[in-house]
Amino acid sequence: MELTICWLYARTMNIYGDRGNVLALAQRCRWRGIEARVIELGVGEPLEPGRYDIFFWGGGQDREQVAAAHDLQGPKGETLRCEIEEGAPLLAICGGYQLLGRFYRPQRGELLPGLGIFDAWTEAGSRRMIGNVVVESEEFGELVGFENHSGRTFLGPRARPLGRVRIGWGNNGEDKTEGCRYRNAIGCYLHGPVLPKNPQLADFLIEAALRRRYGEIALLPLDDTLERVAQSSAVRRAQATR
Amino acid sequence: MDPRLSLAVGVSRLSATAIRRLGWGGGTALPGLLASLVDPAALSKLSRQLPAGCVVVAGTNGKTTTARMLATILKQAGHRVVHNRAGSNLVRGITAAIAEQSSLLGRVRGEIAVLEADEAAFPAVVRQTSPRIVLLLNLFRDQLDRYGELDTVARTWGEALTALPAASIVVNVDDPALAALTDQLASRRLTFGLAEQRCALDQLPHAADAAVCRRCGTPLTYRAAFLSHLGDYWCPGCGFERPPLDVAARAIALEGLERLSFEVAALGQQPWRVDIALSGLYNVYNALAAVAAAQALGIAPELIRAGLAATRAAFGRLERVCYRDRSLVIVLIKNPTGLNEVVRMLTSARIEAPLLILINDLDADGRDVSWLWDADLEPLAQTGSPVFTGGIRGADMALRLKYAGFPVERLRVLDDLPGALDAFVSELAPGQTGYILPTYTALLALRRALAERGVAPAFWRQ
Ligand SMILES: [Zn+2]
């Protein structure tokens with residue numbers, strides 16, 4: 001078996017260890033005997049429909065985020081939207097998450113259009129929300145990460161949050177929601193990176209990809225002792241620092 | 001005499017002495033704060049007195065080592081040098097450091113100052129000291145949770161430099177961000193970088209930042225990548241490229257963990273060699289920066305060479321201590337680039353020794369440990385030696401190594417210090433060498449633990 005991971009804007013949007021998510025996906029495939037290929041897709045490079053099994057999109061600085069937003073206005077963005085509608089798993093962090101909402105409103109200048117996959121929008125804020133985060137998710141249990149954003153994301157009526165923040169700011173520092181879920185797509189502010197310390201999220205994405213490509217397939221369990229140790233030490237740290 | 005300045009210096013010096021007497025360490029923040037409360041212009045008044053002016057050294061990596069090298073060169077050349085210590089690189093610390101080296105009448109006892117400035121404090125430091133030379137080393141994605149985005153730092157630096165019409169800018173143009181930043185200042189800029197293909201990496205490491213053209217946003221193409229995003233680059237979008245080098249290092253020889261040497265090639269000079277008791281490519285950059293700044297100050301090659309030969313490693317920058325019959329080599333790691341270089345050093349010297357990596361996440365370390373995932377640790381998986389991890393976020397480090405393909409059987413998570421030190425030393429055979437890689441506050445804790453165990457080399461006092 002083989003899965004192809006598409007790393008969107010790998011060179012330009014990869015901040016705070018976001019690449020660890022790609023490493024986690026690839027390694028957790030390999031440890032199960034599933035071949036994992038990682039293809040980086042940059043600005044101006046076309047997205048071929050049906051070629052990729054999992055999408056990952058990280059955070060970036062303002063300038064790179066603008067370039068990516070423009071790159072997705074057109075057939076490339078349409079293809080990505082179709083893939084997600086058809087159940088392709090996707091993880092987007094911070095800047096990538098924001099651009100999957102309807103728009104990003106900067107402090108100055110014009111509105112940055114998003115793909116509108118999540119019923120959400122983001123407004124630039126003046127306060128930077130930084131620190132360890134613990135999220136309670138009905139679907140995935142306790143999640144831990146590190147947030148670092150000034151954009152404040154608000155969920156529309158059709159949006160489902162990834163979870164509720166127990167410790168930290170979350171989407172906007174007001175309504176206690178964190179992240180957004182739609183079909184097999186997950187968007188959130190959790191750096192850390194999020195997948196290695198929350199392997200259930202990684203396995204959700206891998207399982208969804210296998211199901212889509214190969215039909216119903218049970219995922220082999222892995223020894224996640226070290227992951228659990230790191231997860232609980234990060235949660236303890238979050239409790240001590242917030 | 002300026003009574004207000006004199007009072008500021010007096011208050012700063014007295015409080016510094018009191019803090020030391022009370023055993024509160026070598027704190028400089030409070031004395032500097034008091035001095036600037038008494039006389040807000042204290043720093044600018046003091047630095048204006050220096051007959052040969054100030055050199056301000058800034059950059060994410062290598063400030064401390066480079067400033068030490070430059071100060072040593074200037075001392076070799078017979079100058080009386082005023083110098084701030086590592087960790088005192090905010091406006092307050094710099095004020096206190098100069099006050100410390102002034103008379104109670106507010107007269108500075110020195111001819112020239114070499115001042116290391118923190119990235120965020122850089123604009124304020126240059127505004128107040130009006131330096132003769134600004135030495136810019138690099139801009140890495142280090143502790144962004146403290147500084148905000150790299151672009152923001154670059155912009156404030158650019159504004160600060162434009163407001164300094166008299167200063168010469170000595171700049172590492174292997175860093176595309178710094179090259180772009182100083183482009184408009186080309187008439188008073190002295191460039192340095194590596195003219196070497198052999199040190200080039202096969203591919204850009206993952207921690208590389210700023211690999212995008214600052215002018216047009218196109219990803220840069222590298223003819224050679226040396227260290228993180230430092231290299232010989234050009235932009236396929238707009239033609240922006242590394243500017244010509246005024247001072248270059250070539251024929252670089254990295255000799256294990258002990259020495260390095262390279263040839264200095266500068267316009268209108270016969271090439272000449274320098275030899276230093278430090279290791280790693282990042283120290284080639286530090287030494288080359290010191291060479292370029294010293295040349296801008298008109299110091300002769302023989303004196304520069306002698307100054308570099310007299311430079312020793314600073315605390316935690318690769319030092320060796322003996323404890324219970326074992327040898328411990330300590331290397332501070334601050335960010336993915338530093339960690340990459342240590343990994344490169346260990347694997348290229350084929351060192352197969354147990355490793356203890358200590359990761360803390362206090363303010364001075366950076367509270368976000370996700371940087372561990374920006375480092376390329378995969379080469380360690382090829383070595384045969386065990387790795388122990390410890391510190392507040394030791395488990396995160398172990399997990400990073402697991403996903404780098406490091407065999408879990410050879411991986412162990414130890415407690416926090418000092419327990420981790422005892423456990424690690426017990427794993428070493430008598431006579432064996434172990435390597436300890438701590439982050440900044442873990443290094444301080446390690447120093448305390450070693451001192452409690454009777455190991456305290458004199459040079460920690462510096
Ligand atoms: Zn360009």
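Draft legend 1. How the structure looks around the overall build of chain B. Per the secondary structure count, chain B includes 15 helices and 17 strands. On C-alpha atoms alone, chain B measures out to a radius of gyration of 22 Å, which is about the 23 Å that the 2.2 N^0.38 rule sets for 462 residues. Dimensions of chain B, computed from C-alpha atoms along their principal axes, come out at roughly 70 × 60 × 40 Å. Here chain B holds 462 residues, and 61% of them are scored as buried. Partitioning the intrachain contacts of chain B with sequence separation of at least 6 by distance along the chain shows that 71% fall at a separation of at least 24. Placing the 48 positive and 44 negative side-chain charges of chain B at their respective mean positions leaves the two points 7 Å apart.

Draft legend 2. Structural detail: the overall build of chain A. Of regular secondary structure, chain A possesses seven helices and 14 strands. For chain A, whose C-alpha radius of gyration is 17 Å, the value lies close to the compact-globule estimate of 18 Å for 242 residues. Expressed as lengths along the three principal axes of its C-alpha atoms, the size of chain A is roughly 50 × 45 × 30 Å. Across the 242 residues in chain A, those meeting the buried criterion constitute 62%. Relative to all contacts within chain A whose residues are 6 or more apart in sequence, the contacts with residues 24 or more apart total 68%. If the 31 positive side-chain charges of chain A are averaged to one point and the 31 negative ones to another, these points end up 4 Å apart.

Draft legend 3. Structural detail: the interface of chain B and chain A. Taken together, the contacts link 35 residues of chain B with 34 residues of chain A. Buried area between chain B and chain A, both sides added, is near 3200 Å², and the carbon and sulfur share of it is 53%. Across the contact surface, chain B and chain A share four salt bridges. For the side of chain B that touches chain A, the secondary structure elements donating two or more residues are α7 (144-147), α8 (150-162), α13 (394-403) and β16 (411-413) of chain B. Ranked by the residues each element gives to the side of chain B that touches chain A, the list is headed by α13 of chain B, at seven residues. For the side of chain B that touches chain A, the class distribution of residues is 17 nonpolar, three polar and 15 charged.

Draft legend 4. Layout of the coordination of the zinc ion. All names here are of chain B. The protein atoms that coordinate the zinc ion are Cys213 (SG), Cys216 (SG), Cys235 (SG) and Cys238 (SG), at distances spanning 2.3 to 2.4 Å. Note that the zinc ion binds four donor atoms; their angles at the metal cover 97 to 114°, and the shape is tetrahedral. Within one chain, the residues donating to the zinc ion are spaced in sequence as C-x2-C-x18-C-x2-C.

Draft legend 5. Up close: the domain arrangement of chain B. If you check the domain split of chain B, you get domain 1 (3-310) and domain 2 (317-461). Here domain 1 of chain B and domain 2 of chain B have C-alpha centroids that lie 27 Å from each other.

Draft legend 6. Structural view of the environment of glutamine 239 of chain A. Residues and elements named next belong to chain A. By secondary structure assignment, the location of glutamine 239 is in helix α7 (residues 225-241). Judged by its relative accessible area of 44%, glutamine 239 falls in the partly exposed class. Through-space distance from the C-alpha of glutamine 239 to that of glutamate 86 is 39 Å; in sequence the pair is 153 residues apart. In contact with glutamine 239, other than residues within four places in its own chain, are Arg166 and Ile167.

Draft legend 7. Geometry of the pattern of salt bridges. Evaluation of the coordinates by the stated rule reveals 43 salt bridges over all chains. Of the charged contacts, one joins glutamate 86 of chain A and arginine 212 of chain A as a salt bridge, the two residues approaching to 3.9 Å between their closest N and O atoms. Taken together, the positions of glutamate 86 of chain A in the loop between α3 (75-85) and β4 (90-93) and arginine 212 of chain A in helix α6 (residues 199-214) put the pair 126 residues apart, joining distant regions of the chain. Across the pair arginine 181 of chain A and glutamate 139 of chain A runs a salt bridge whose closest N-O atoms are separated by 2.8 Å. With arginine 181 of chain A in strand β13 (residues 180-182) and glutamate 139 of chain A in the loop between β8 (129-137) and β9 (141-149), the pair connects residues that are 42 residues apart, well separated along the chain. Look at the salt bridges and you will find they share partners, linking Arg28, Arg32, Asp203, Asp224 and Glu227 of chain A together with Lys402 of chain B into a network.

Draft legend 8. Quick look at the side chain of asparagine 14 of chain A. All names here are of chain A. On the secondary structure map, asparagine 14 appears in the loop between β1 (2-8) and α1 (19-30). Judged by relative accessible area, which is 9%, asparagine 14 ranks as buried. Here the side chain of asparagine 14 touches arginine 19 through a polar contact of 3.1 Å, landing on its backbone nitrogen.

Draft legend 9. Representation of the sheet that holds strand β3 (residues 112-117) of chain B within the structure. All names here are of chain B. Strands sit in the order β2-β3-β1-β4-β5-β6-β9-β10-β11 across an open sheet of nine strands; the sheet is mixed. In the strand order of this sheet, the two ends are held by β2 (81-83) and β11 (272-276), each with one partner. Put simply, the sheet's adjacent strands are angled 20° from each other on average, direction ignored. As paired elements, strand β9 (residues 247-255) and strand β10 (residues 259-266) share seven bridges and run antiparallel to each other. Across the sheet, residue alanine 253 finds its bridge partner in β10, namely serine 261.

Draft legend 10. Spotlight on the sheet that holds strand β6 (residues 112-113) of chain A. With mixed pairing, the four strands of this open sheet are ordered in space as β6-β5-β7-β10 (chain A). Either end of the sheet is taken by a strand with one partner, and the two such strands are β6 and β10 (152-155) of chain A.

Draft legend 11. Highlighting the pairing of β10 of chain B. All names here are of chain B. Within β10, six of the eight residues are buried, which leaves it mostly tucked inside the rest of the structure. Here β10 pairs with β11 via five bridges, running antiparallel. Pairing of valine 264 across the sheet is with tryptophan 272, part of β11. The hairpin turn running from β10 into β11, its antiparallel successor, is five residues long, and glycine 268 in that turn takes a positive phi close to 75°.

Draft legend 12. Seen up close, empty space enclosed by the protein. Counted under the stated rule, the structure contains five cavities of 30 Å³ or more. Looking at the second largest cavity, its volume works out to about 70 Å³. Here the lining of the second largest cavity is built from residues that sort into six nonpolar, three polar and no charged.

Draft legend 13. Looking closely at the packing of aromatic side chains. Evaluation of the coordinates by the stated rule reveals 13 aromatic pairs over all chains. Aromatic side chains tryptophan 31 of chain A and tyrosine 403 of chain B sit 4.9 Å apart centroid to centroid with 50° between the ring planes, which places their arrangement in the tilted category. Of this pair, tryptophan 31 of chain A sits in the loop between α1 and β2 (35-41) while tyrosine 403 of chain B sits in helix α13, placing the two residues on different chains. Tyrosine 403 of chain B sits in the buried class, given a relative accessible area of 0%. The interplanar angle of 70° and the centroid separation of 5.9 Å between the aromatic rings of tyrosine 97 of chain A and phenylalanine 118 of chain A together place this pair among those described as edge-to-face. Of this pair, tyrosine 97 of chain A sits in helix α4 (residues 95-99) while phenylalanine 118 of chain A sits in the loop between β6 and β7 (120-123); the two residues are 21 residues apart in sequence, bridging distant segments of the chain. When its relative accessible area of 1% is taken as the criterion, tyrosine 97 of chain A is described as buried. A relative accessible area of 1% means that phenylalanine 118 of chain A is categorised as buried. Aromatic ring contacts, followed pair by pair, group Trp31 of chain A together with Trp373 and Tyr403 of chain B into a single cluster. In this structure, arginine 410 of chain B is placed above the aromatic ring of phenylalanine 406 of chain B, and the distance from its NZ or CZ to the ring centre is 5.0 Å.

Draft legend 14. A look at the state of the cysteines. On inspection of all chains with the given rule, the structure shows zero disulfides over all chains. The thiol sulfur of cysteine 82 of chain A is not disulfide-bonded, and the nearest other cysteine sulfur, from cysteine 6 of chain A, lies at 15 Å.

What counts, and at which threshold
Residues numbered from 1 in each chain as written. Chains lettered and ligands numbered in written order. Predicted model: local features only at pLDDT ≥ 70, side-chain atom pairs only at ≥ 80, totals over all residues. Heavy atoms only, no water. Helix = DSSP H or I, 4+ residues; strand = E, 2+ residues; numbered from the N terminus. Rg over C-alpha atoms; globule rule 2.2 N^0.38 Å. Buried < 20%, exposed > 50% of the residue type's maximum accessible area, 1.4 Å probe, protein only. Contact = heavy atoms within 4.5 Å. Lys, Arg positive; Asp, Glu negative; His and termini not counted. Charge placed at Lys NZ, Arg CZ, Asp CG, Glu CD. Buried area = accessible area lost by both parts, 1.4 Å probe. Salt bridge = Lys/Arg side-chain N within 4 Å of Asp/Glu carboxyl O. Nonpolar A, V, L, I, M, F, W, Y, C, P; charged D, E, K, R; others polar. Donors = N, O, S within 2.8 Å, 3.2 Å for Na, K, Ca; no water. Tetrahedral: all angles 85-135°; square planar, octahedral: opposite > 155°, others 65-115°. Domains from an automatic or database assignment. Polar contact = N/O pair within 3.5 Å; in protein donor to acceptor, adjacent residues only side chain to side chain. Pairing = 2+ DSSP bridges. Axes fitted to C-alpha atoms, helices over the stretch in contact; angles between N-to-C directions. 1 Å grid on protein atoms, 1.4 Å probe; cavity = no way out; pocket = protein on both sides within 12 Å on 5 of 7 lines; lining within 4 Å. Points joined across faces, edges and corners; volume = space filled by probe spheres on them. Phe/Tyr/Trp six-rings, centres within 6.5 Å; stacked < 30°, edge-to-face > 60°. Lys NZ or Arg CZ within 6 Å of the ring centre and 35° of its normal. Disulfide = S-S within 2.5 Å.

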